[in-house]
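# An overview of the molecular structure
So the chains spell out like this:
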2 protein chains.
Amino acid sequence: MSSPVDTFIEYAEKNQEAYIDRLRKAVAIPSVSGDPAYRKEVFRMGEFLIDELKALGASVETRDPGVQDFHGTPLPLPPIVLATIGTDPAKKTVLVYGHYDVQPALKEDGWNTDPFELVEDEKHRLIGRGSSDDKGPVLGWINVVEAHKELGLELPVNLKFCLEGMEESGSEGLDDIIFNEADKYFKDVDVVSISDNYWLGTTKPCVTYGLRGVSYFHLTVKGPKADLHSGVFGATIHEPMTDLFAVMSKLVTPKGKILIPGIYDNVLAVSAEEEKTYDDLSFTMQELHDAVGNEINIHDSVKDTLQHRWRFPSLSLHGVEGAFYNPGDKTVIPARVVGKFSIRTVPDMEPKQITELVEKYVNEEFAKLGSKNTMSISCTHAGNHWVASPNHWNYVAASNAVEKVFGVKPDLTREGGSIPVTLSFQDALKKNVLLLPMGRGDDGAHSTNEKLDRSNYVSGIKLLGTYLYEVAEAKPE
Amino acid sequence: MSSPVDTFIEYAEKNQEAYIDRLRKAVAIPSVSGDPAYRKEVFRMGEFLIDELKALGASVETRDPGVQDFHGTPLPLPPIVLATIGTDPAKKTVLVYGHYDVQPALKEDGWNTDPFELVEDEKHRLIGRGSSDDKGPVLGWINVVEAHKELGLELPVNLKFCLEGMEESGSEGLDDIIFNEADKYFKDVDVVSISDNYWLGTTKPCVTYGLRGVSYFHLTVKGPKADLHSGVFGATIHEPMTDLFAVMSKLVTPKGKILIPGIYDNVLAVSAEEEKTYDDLSFTMQELHDAVGNEINIHDSVKDTLQHRWRFPSLSLHGVEGAFYNPGDKTVIPARVVGKFSIRTVPDMEPKQITELVEKYVNEEFAKLGSKNTMSISCTHAGNHWVASPNHWNYVAASNAVEKVFGVKPDLTREGGSIPVTLSFQDALKKNVLLLPMGRGDDGAHSTNEKLDRSNYVSGIKLLGTYLYEVAEAKPE
Ligand SMILES: [Zn+2]
Ligand SMILES: [Zn+2]
Ligand SMILES: [Zn+2]
Ligand SMILES: [Zn+2]
């Protein structure tokens, strides 16, 4: 007789058509959180998940995040769905997070098929909005629970769900609920597992233990009281755009080096142990070129490229508010311009200190200009970086599960972007958080023709279930 | 018995209410050329002028500039109205140009009154869209003709009109007609007079003999094939925005000095004669501060300020196409950005040479960056500068007329902006062109609450008529 985990894996392999049917139903609900016209569909998607979870015997509760102020219009926020399967004090408790809203998608954006109709193409890619981000992974967990119910097997751990419907729109209201429930609904949680990111490449699974933070800045230069005609005033007054470009051009070099003094002082050096993790990552420079669509890499090696993506800071200029931005020609002198830039941050940079360094530097650089305009700088958002220990038993459990299902050791990765809920769970619950992705690096989560490969979906279901067994067997230090 | 010109001046003074009534009728026609919804009103305004001119005995013809392509919608262009009063070969022929379309205006833009209802306030300002730009001046000429008709006086010169209805929207179709009619309808023209600019300040009349040209540039930097996420790609690829800001920050200093080598080489030095014309201009630094709404002057004297406005080049940065421009935060790496800037040009700068200098310099500066992105620069528009001799008998006639009507010598001014039709008439007809403004510097031609002071309207009518007598008496060298 085979072990419960093998029984589960075998069952999952056989039942994949049912799992795809479930994903098809979920994708058919256009739960776009960013468009008020679809808000009722987000609610409908929440109901869909509540029904599925209840049918599997979960005890389900919801939390109401209240009302969103959408450019002056009040919009009800979809519920945070909390579900519990098993409350055995002898078992560990795993909290899984996912989101049931999706990015906007219109056929005319360039989709080859209706974005809200799941289709499988000749390469066995399941194409549809939300297939990979994040309905596939959320249903992955539900499929694991269903398999155990059908097989008459007990889950090896207690499972708690936290599912939100506003992730693609800033997770409004979620943080308050996480912190509020930390010692209530989430009291017994031992570890957290989130499947909302992607493999580094397309062939090898990974576990992800770090994310960069981001500090966003607005650099405002004000001069005239209203926009002026450059014919009348050019070369006679200090122009805000000239000052803005002078200061913003001093922030970062074309090779990506940040010019703000002190900004690198607290960046941790790469340890020997970390250095090794870059040795056989499943990633090539060709994959970078393909993703970018051009060979404009700054660094020549995979290691340098990924270290700069994951664990060194970067500074990007995003745009200018208040200046001319349309096609065509306009000879305006804009009166007030706001330059937007952000710094991706890494351990042990401190958001507060970063803001101080930026303020000091841009003030000094502006003073050098001798301009009579006024400049101000503000940090409009500061989300901290996050890093977990990849040696924690939760990560070891995930790594073992990958080896069992895929026959390879996973890549140990970080990401250059941020997934704010990761930090929220870690700060609120003080438990290890694991990022365990289901999809591939080329799924196109926020793009047209988003897909989840059939093999990733099915293997992902096996992985999530196997991970629970590995968690159950792990010996916390 | 008084002279004809004195009789005319006396008559004009007495008939001002009728002139204001005529202006009221014209302002009531919302001939906004920039908004297709008002196109029929532009035609109606053309008809209004044709009727007025015919009633005064003018022989009127029209030219059809054809059809405008308004963002894909074909829109009929309003007619160029050509009118002739007098064909006496013994007299000189003066061509007057004006436009009968106006800038858009909505009460909610901040007008205190209905913009298309002429009202006179307690300061005797005639407030309404087009009052000063350019219906007041156009009717000024018509009032001169009417006065002579009523008085039974012959005009001292032959008068030709060229009135267009698309000036505020790029004068579409006008140039072709001017060049086509140069040796036909405009064959006998001796001098041209245009009343479509303004006094330097608010108290003293001026004649204007120069305009700056403008060359507009698009600096395009292309990198990735689509916008990228700065979390994923920051510090790993060459970012187009970083390159764009690096190059655009090298174009001009915060004090307005253009950094393109050779750009000043062909700028004419200020002659002793020209230097003197700055000595008692009716302008103060306070007027600059008031117009700008802030004390951000680069130069401390009126002379330096006006020389930099009128007869030295300037370079302004206008904006960026393709970058993030909305309020709020967005962490995009824009894939393709187009920086917009323009250079105001003066004698003897050559548009072609300017483009070459700009191309050479930005290519060199971009090469210094060592970026793998691609950069291209193009001149999208090049309108030449214009300058006439203020010693030409046409200017002397205008100056004499100012002295007779206002009792002061006019300011001799230039403008920093361009009025392209000026150059078209000069190039096509090879005759002296005079700019003889009616309104004041604070009329707010393109702003809310546009006005024309009653005294400027009435004195302007006297001035235009008197100018014709001075032209008649002038002895061409
Ligand atoms: Zn997601
Ligand atoms: Zn997403
Ligand atoms: Zn005008
Ligand atoms: Zn105008």
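Look up a bit, the structure's there.
Residues numbered from 1 in each chain as written. Chains lettered and ligands numbered in written order. Predicted model: local features only at pLDDT ≥ 70, side-chain atom pairs only at ≥ 80, totals over all residues. Heavy atoms only, no water.

## With respect to the coordination of the zinc ion (ligand 2)
Residues and elements named next belong to chain A.
- Here the zinc ion (ligand 2) is held by D133 (OD), E168 (OE), E168 (OE) and H446 (NE2), and the distances to it run 2.0 to 2.7 Å.
- Relative to the metal, the 4 donor atoms surrounding the zinc ion (ligand 2) lie at angles of 54 to 136°, and the coordination shape comes out irregular.
- Positions of the donor residues of the zinc ion (ligand 2) along the chain correspond to the pattern D-x34-E-x277-H.
- In this model, the zinc ion (ligand 2) sits 3.1 Å from the zinc ion (ligand 1), the two metals being bridged by D133. Of this pair, D133 sits in helix α4 (residues 131-151) while E168 sits in the loop between β8 (158-164) and α5 (174-181); the two residues are 35 residues apart in sequence, bridging distant segments of the chain.
- Look at E168 and you get buried, because its relative accessible area is 16%. (Donors = N, O, S within 2.8 Å, 3.2 Å for Na, K, Ca; no water. Tetrahedral: all angles 85-135°; square planar, octahedral: opposite > 155°, others 65-115°. Helix = DSSP H or I, 4+ residues; strand = E, 2+ residues; numbered from the N terminus. Buried < 20%, exposed > 50% of the residue type's maximum accessible area, 1.4 Å probe, protein only.)

## Describing the coordination of the zinc ion (ligand 1)
All names here are of chain A.
- The protein atoms donating to the zinc ion (ligand 1) are H99 (NE2), D133 (OD), D196 (OD) and D196 (OD), with metal-donor distances spanning 1.9 to 2.7 Å.
- Classification of the site at the zinc ion (ligand 1) rests on its 4 donor atoms, whose angles at the metal span 53 to 147°, yielding the label irregular.
- If you list the donors of the zinc ion (ligand 1) from N- to C-terminus, the spacing comes out as H-x33-D-x62-D.

## Describing the pairing of strand β11 (residues 213-222) of chain B
All names here are of chain B.
- Here β11 lies mainly inside the structure; 9 of its 10 residues are buried.
- As paired strands, β11 and strand β16 (residues 374-383) are joined by 9 bridges and run antiparallel to one another. Paired with L219 across the two strands is I377, which belongs to β16. (Pairing = 2+ DSSP bridges.)

## As for the sheet that holds β11(B)
All names here are of chain B.
- Judged by pairing direction, the sheet is antiparallel, and its 4 strands sit side by side in the order β13-β15-β11-β16 without closing on themselves. Each of the sheet's edge strands pairs with one partner strand only, and the pair in question is β13 (314-321) and β16. Recorded for the sheet is a direction-independent mean angle of 20° between the axes of neighbouring strands.
- When β13 meets strand β15 (residues 336-345), the two strands line up antiparallel, connected through 7 bridges. When the bridges of β15 are listed, S314 appears paired with R344. (Axes fitted to C-alpha atoms, helices over the stretch in contact; angles between N-to-C directions.)

## Some points on the interface of chain A and chain B
- Every contact between the two is made by 76 residues of chain A and, on the other side, 77 residues of chain B.
- Carbon and sulfur atoms make up 57% of the area that chain A and chain B hide from each other, which totals about 6,100 Å².
- The three residues of chain A that bury the most area against chain B are A:F245, A:P254 and A:I296, which together make up 11% of that side's buried surface.
- At the junction of chain A and chain B, the tally comes to 0 salt bridges.
- Along the contact surface separating chain A from chain B lie 43 residue pairs in polar contact (both at pLDDT 80 or more).
- The dominant element in the side of chain A that touches chain B, judged by the number of residues it contributes, is strand β13 (residues 314-321) of chain A, at 8 residues. (Contact = heavy atoms within 4.5 Å. Buried area = accessible area lost by both parts, 1.4 Å probe. Salt bridge = Lys/Arg side-chain N within 4 Å of Asp/Glu carboxyl O. Polar contact = N/O pair within 3.5 Å; in protein donor to acceptor, adjacent residues only side chain to side chain.)

## Topic: empty space enclosed by the protein
- Across all of its chains, the model carries 4 cavities of 30 Å³ or more by this definition.
- A volume near 70 Å³ is recorded for the largest cavity.
- What lines the largest cavity is A:A235, A:I237, A:H238, A:E239, A:T242, B:V252, B:T253, B:P254, B:G256, B:I298, B:S314 and B:L315.
- When the residues that make up the lining of the largest cavity are grouped by side-chain class, the tally is 6 nonpolar, 5 polar and 1 charged.
- Around the second largest cavity sit A:V252, A:T253, A:P254, A:G256, A:I298, A:L315, B:A235, B:I237, B:H238, B:E239 and B:T242, which together line it. (1 Å grid on protein atoms, 1.4 Å probe; cavity = no way out; pocket = protein on both sides within 12 Å on 5 of 7 lines; lining within 4 Å. Points joined across faces, edges and corners; volume = space filled by probe spheres on them. Nonpolar A, V, L, I, M, F, W, Y, C, P; charged D, E, K, R; others polar.)

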